Amino acid sequence: MRLSTGSFPLRAHCHGRALDVHGGQEENQAASLHLRANFGTGFPPPRRHQGRRARHHPALVFPQSPARPWAHGWHLRIRNNRNNAALVLRKKKEEGGERFRKRRQERELYSKERFSLLLLNLEEYYFEQHRASHIINKGCRDERKIRGSLKICSKSIIFEPDENLQPIIKIPLRDCGSIKAPEDSEANNPLLRETSGGISVVCNQVFLIKERNVIAPYKTVRGKTEHLFQLDVAGKLGDVVQTLHQLYRASCLDKMGDQAAMITAILQSRLARTSFDKNRFQSISETLRMECKAEMVTPLVTNPGHVCVTDANLYFQPLNGYPKPVVQITLQNVRRIYKRRHGLMPLGLEVFCTENDICSDIYLKFYNCQDRDELYYLIATYIENHITEHTAESYMLQWQRGHISNYQYLLHLNNLADRSCNDLSQYPVFPWIIADYSSAELDLTKPETFRDLSKPIGALNKERLERLLTRYEEMPEPKFMYGSHYSSPGYVLFYLVRVAPEYMLCLQNGKFDHADRMFNSVAETWKNCLDGATDFKELIPEFYENDSNFLVNSLKLDLGKRQGGKTVEDVELPPWASGPDDFLQKSQEALESQYVSEHLHEWIDLVFGCKQKGSKAVTACNVFHPLTYEGGVDLNSIMDPNEKVALLTQILEFGQTPKQLFTTPHPQRIMPKSSSRTSSHSVSISESPVSPNEESFEDLTEESITLAWNNISKLRQDEQYKIHKEAITGIAVTCNGSSVFTTSQDSTLKMFSKESKTLQRSVSFSNMALSSCIILPGDSTVISSSWDNNIYFYSIAFGRRQDILMGHDDAVSKICWQDGCLYSASWDSTVKVWKCVPGETSSNKRNCFELLAELEHDVSVNMIDLTASNTILASGTKEGTISVWDVTTATVLHQLPCHSGTVFDAAFSPDGRHLLSAGEDCCFKVIDVQTGMLISSVTADEPQRCFRWDGNTVLSGSQSGELLTWDLLSGKVTERIKGHAGAVTSMWMNEQCNSVITGGEDKQIIFWKLQY
């Protein structure tokens, strides 16, 4: 029941385009004329969205199911069972599969009920239901009673028979002539005299829906008819009739704004008389934090009720108890929350219990900003750093470096730009990529295969663009180039009608679109987007996912016949696709192709970036109607409710431009110079051992180190602590071993006391992950490297950031310190050497580093290590290359393609003669430093993410979380030690080599000790 923004319903939305609606015809004609008058002839004809306006929907939850029965909003929700595991982002397949299996079970449970909120008019509310019988031919020999339930809605009466073969009856209140109970009727009325609990409804029009349980256009029965309903509980008759009379008076008001205001008043009165049922709490020990009124938003539907937040759960209780009494979200499971713009007002809140799923667990719309913001604050207290972890800039940097795919990046941008699967007027938008729909083979190496991503759809056809620009120049203010948008509710359902037919019937007042205007052919649709006078639509995410059901008429829907007599069935695919699945597979390959990766930033500029509006939009021929942009109209300044409803109708049906995320040109993706595998997730690099210090380690002997390594397989867990929210990336320990500093992908530097076993400090320098950390001699300063391209200096004594070194153009992946020099490796393909001015690191003075050398690479550098003499440096890249450098001359001595994937770690032997590296390809490689010869290669069962070694024996942390000890001479594992629940991503070892600390993807640090 998606109905209002503030006190004014938004549902009237599509009434502006309806010519044959459940309501009266005059308002529809007037609203349609008003729409054309405001937007000009450039608007598309009132086709798809007739009669109803698109509402906001949570994750395209089909209304008969619970909160989110389908998987990625609409798009992923319309999936068959065999594809459930592929519905989530590719990294979350196993987790997603379980989630979608659960939703499928919920869907099956609720699908037994034929009624859904989609049977209501847009901006209509479902108030209550009563068990009743529909009496046919009362008093006659063939009198029949059909059992079912009577639904009382704000604009209609709906009777759902228990028997599936019988049609659902929908009676618009506006078309009613009378609604009477027996005591209201004349005494000589034989129809009502003997009826207990009976309601007589006389109407001029009835809709019959789902006859024989078949999804089809509504059957309209016109002419005066009388329907008699007998309630099971006769005592409720008076209240039901009184409610119907009240709603009937509202439906008969001439102006839509007045109708909406009266219905809203009725709704608010009902909400005020009720409250959340505290007996629904999961535990009697829960403490109430907040309760307020709100509406749960689902596709084309909003459902009013009560929101309740405790110290453990978020609850929503629908006023009507449909589709289930209470929706419950455990706060500990919440991963993300977003404030949303709903109905052009800042009233929405979307809650996610997953990290990457575009489909939310619940979408709520509040009646005022204060309630929304208070609830947001309460939930946010359970999610540390939830805002900084999910910014457009952070996703942009991850995409640039290849950590997320083009598809994932577009999903994230849509989410951040208020595009939600809960809102058809703001549905996620994806670009047309392929321009060749006629060839027998699809050649992704040819640029002409692809659409020009630097231009909007409307500018791809030069001749059409010239006509549009001519009209634009002659147009009075406010000017716009395109009379229709690239994303709107009708366009979404145009693509999805075969899997979401009830949504199109809901949006178009019980009708499918004309057969010739259906999504019949991919090539035909693309051609119309190029040549059509008012067709500028882009695509939706489903075109780049794994479920091809939306291309197939598997429901055997009767979608009509085209002019040539051909029945509308499956979507006609291009010759290069052998079938629907192959079409999606090739579309995915095209989206992730090198051409698109090199040009996608241009399309992002148009839709989410600097060319979205303003002078750059004019230059890019990317100007839409001003009302489609965020802030294009101030609804609070419009006092007339009828004008407000009409304006909302126009804007929401036309479609809305995404929130602008970038105001400067979007950077291009960093493409590797040669083909290699790129890790799908960020790589954590282990911290190099702390350099010897004469004050702390005077008593160390070579014998004690040898003894430790001879017994390294006896390493045992001492203690473990979970102190971060993401994978550990670096570990550094003070000389006396009392304080442990760790960095993590959660963007924090933390200080843990080994003595008190407590977390003492937590520092965040930016919203990007930290990649490594080191402690300078004297234990006064910690240096941390970050994905935001910077290096941060933190004063332990003063407990604050004391300096920042902005020395790279991309993420800093690893840092080392030796003899007053800082060495920094970066994904900008460089390693830089900085000289520290003596004594400056402890002062407040900035810019105290002098760049001594810059070692350039062809690709991103992932790790570095130095020999004890500070003369030789080794670097490892994301493409598997190991380079050995002479630091004094800044020249490369050797360059070897050692690994077939990212180099995870590399370290010199204590004598500096050999270099050991571990890579994504599960291999250890040993290089002779002097000659550059590869002298040994050992293959493991899985990647080894980090290690320490003494020149012969290796202690490594594996992808699975185990610690392994290796004998390099034999190439064998000598011991496996259970450790982390995920990959071991960082390792520190003391100078005596008898104490080890590891950090993992399981967010824990584990302390290890040798047990001789």
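Cut-offs used in this document
- Residues numbered from 1 in each chain as written.
- Predicted model: local features only at pLDDT ≥ 70, side-chain atom pairs only at ≥ 80, totals over all residues.
- Heavy atoms only, no water.
- Helix = DSSP H or I, 4+ residues; strand = E, 2+ residues; numbered from the N terminus.
- Contact = heavy atoms within 4.5 Å.
- Areas by Shrake-Rupley, 256 points an atom, 1.4 Å probe, with all protein chains shown as cover.
- Pairing = 2+ DSSP bridges.
- Axes fitted to C-alpha atoms, helices over the stretch in contact; angles between N-to-C directions.
- Buried < 20%, exposed > 50% of the residue type's maximum accessible area, 1.4 Å probe, protein only.
- Polar contact = N/O pair within 3.5 Å; in protein donor to acceptor, adjacent residues only side chain to side chain.
- Salt bridge = Lys/Arg side-chain N within 4 Å of Asp/Glu carboxyl O.
- Patch = residues over 30% accessible without salt bridge, like charges linked within 9 Å, V, L, I, M, F, W, Y side chains within 5 Å.
- Lys, Arg positive; Asp, Glu negative; His and termini not counted.
- Charge placed at Lys NZ, Arg CZ, Asp CG, Glu CD.
- Expected span 1.5 Å × (residues − 1).
- Disulfide = S-S within 2.5 Å.
- Parallel < 35°, antiparallel > 145°, perpendicular 65-115°, else oblique.
- Nonpolar A, V, L, I, M, F, W, Y, C, P; charged D, E, K, R; others polar.

### With respect to the overall build of the protein chain
Item 1. Looking only at helices and strands, one finds 17 helices and 44 strands in the protein chain.
Item 2. The long-range fraction of contacts in the protein chain, counting pairs at least 24 apart against all pairs at least 6 apart in sequence, stands at 61%.
Item 3. Total accessible area on the protein chain stands at roughly 38,100 Å², and carbon and sulfur atoms take up 48% of it.

### Describing the sheet that holds strand β22 (residues 770–775)
Sheet strands line up and pair through hydrogen bonds in the backbone, either parallel or antiparallel.
Item 1. Strand order in the open sheet formed by four strands is β22-β23-β24-β25, and the pairing between neighbours is antiparallel. Since the sheet does not close on itself, it has two edges, and those belong to β22 and β25 (800–805), each with one partner. Shown here is a sheet whose adjacent strand axes are inclined to one another by a mean of 25 degrees, direction ignored.
Item 2. Note that β22 and strand β23 (residues 781–786) share five bridges and pair antiparallel. If you follow Leu 770 over to β23, its bridge partner there is Ser 786.

### Quick look at the side chain of Ser 772
Item 1. Checked against the element boundaries, Ser 772 lands in strand β22.
Item 2. Classification of Ser 772 as buried rests on a relative accessible area of 0%.
Item 3. Here the side chain of Ser 772 touches Ser 785 through a polar contact of 2.7 Å, side chain to side chain.
Item 4. A distance of 3.4 Å separates the side chain of Ser 772 from the backbone nitrogen of Ile 815, its partner in a polar contact.

### Quick word on the pattern of salt bridges
Item 1. For the structure shown, the criterion picks out 27 salt bridges.
Item 2. Between Lys 278 and Glu 291 there is a salt bridge; the shortest N-O distance is 3.0 Å. Of this pair, Lys 278 sits in the loop between α5 (256–272) and β10 (288–298) while Glu 291 sits in strand β10; the two residues are 13 residues apart in sequence, bridging distant segments of the chain.
Item 3. With relative accessibility at 35%, the residue Lys 278 sits in the partly exposed group.
Item 4. Among the salt bridges present, the one from Lys 537 reaches Asp 535, with a minimum N-O distance of 2.7 Å. Here the two residues Lys 537 and Asp 535 agree in accessibility, since each one is buried.
Item 5. Residues joined by salt bridges that share partners form a network here, namely Arg 340, Arg 341, Glu 350, Asp 418 and Lys 659.

### Things to note about a negative patch on the surface
Item 1. Judged by side-chain charge, Asp 254, Asp 258, Asp 640 and Glu 643 come together as a negatively charged surface patch.
Item 2. Positionally, Glu 643 belongs in helix α16 (residues 641–654).

### Thoughts on helix α9 (residues 462–474)
Item 1. Helix length check: α9, at 13 residues, gives a terminal C-alpha distance of 19 Å against a target of 18 Å (1.5 Å per residue), a fit within 8%.
Item 2. For α9, the secondary structure elements touched by its buried residues are α12 (522–531) and α15 (615–619).
Item 3. Measuring from the side-chain oxygen of the N-cap residue of α9 to the backbone nitrogen of Glu 463 gives 3.0 Å; that N-cap residue is Asn 461.

### Considerations on the sheet that holds strand β26 (residues 812–818)
Item 1. With antiparallel pairing, four strands are arranged side by side in an open sheet as β26-β27-β28-β29. Unpaired on one side and paired on the other, β26 and β29 (849–856) mark the two borders of the sheet. Recorded for the sheet is a direction-independent mean angle of 20 degrees between the axes of neighbouring strands.
Item 2. As defined by bridge partners, strand β27 (residues 821–826) adjoins strand β28 (residues 830–836) across five bridges and the pair is classed as antiparallel. Note that in β28 the partner of Cys 821 across the bridge is Lys 835.

### Describing the pairing of strand β6 (residues 168–172)
Every regular strand shows the same layout, with side chains that alternate between the two sheet faces.
Item 1. Where burial is concerned, most of β6 is hidden: five out of the five residues are buried.
Item 2. Neither face of β6 is open: one carries Ile 168, Lys 170 and Pro 172, the other Ile 169 and Ile 171, and all of them are buried.
Item 3. With four bridges joining them, strand β5 (residues 156–161) and β6 adopt antiparallel strand pairing. Following the sheet pairing, Ser 156 is matched in β6 by Pro 172.
Item 4. Joining the antiparallel neighbours β5 and β6 is a turn of six residues.
Item 5. Looking at chain direction, β6 and strand β8 (residues 198–209) are connected through three bridges and run antiparallel. Across the sheet, Ile 169 pairs through a bridge with Leu 208, a residue of β8.

### Some points on the state of the cysteines
Item 1. Inspection of the entire model under this criterion finds zero disulfides.
Item 2. In this model Cys 359 remains outside any disulfide bridge; the closest cysteine sulfur is found in Cys 421, 6.9 Å from its own.
Item 3. On the basis of relative accessible area, Cys 359 is assigned to the buried category, the value being 0%.

### Quick word on unusual backbone geometry
Comment: phi is negative for the bulk of residues other than glycine, and the bulk of peptide bonds are trans.
Item 1. Between Tyr 322 and the following residue, Pro 323, the backbone shows a cis peptide bond with an omega angle of 0 degrees.
Item 2. Among the structural elements, Pro 323 can be located in the loop between β12 (313–318) and β13 (327–330).
Item 3. Going from Glu 477 to Pro 478, the amide bond is cis rather than trans, its omega being 0 degrees.
Item 4. Mapping Pro 478 onto the fold places it in the loop between α9 and α10 (489–496).
Item 5. For Leu 344, which is not a glycine, the phi torsion comes out positive at approximately 65 degrees.
Item 6. Relative to the helices and strands, Leu 344 resides in the loop between β14 (336–342) and β15 (345–352).
Item 7. Leu 344 gets classed as buried once you look at its relative accessible area, which sits at 17%.
Item 8. If you check the backbone angles, Asp 819 has positive phi at about 50 degrees while not being a glycine.
Item 9. With respect to the helices and strands, Asp 819 occurs in the loop between β26 and β27.

### What about the packing of α5 against α16?
Item 1. Following both chains from N to C, one finds α5 and α16 inclined at 100 degrees, their axes separated by 7 Å at the closest point. If you check the angle between α5 and α16, you find them roughly perpendicular. Across from Met 256, Gly 257, Asp 258 and Ala 260 in α5, the residues of α16 making contact are Pro 641, Asn 642 and Val 645.
Item 2. Partitioning the contact of α5 with α16 into residue classes produces four nonpolar, two polar and one charged.

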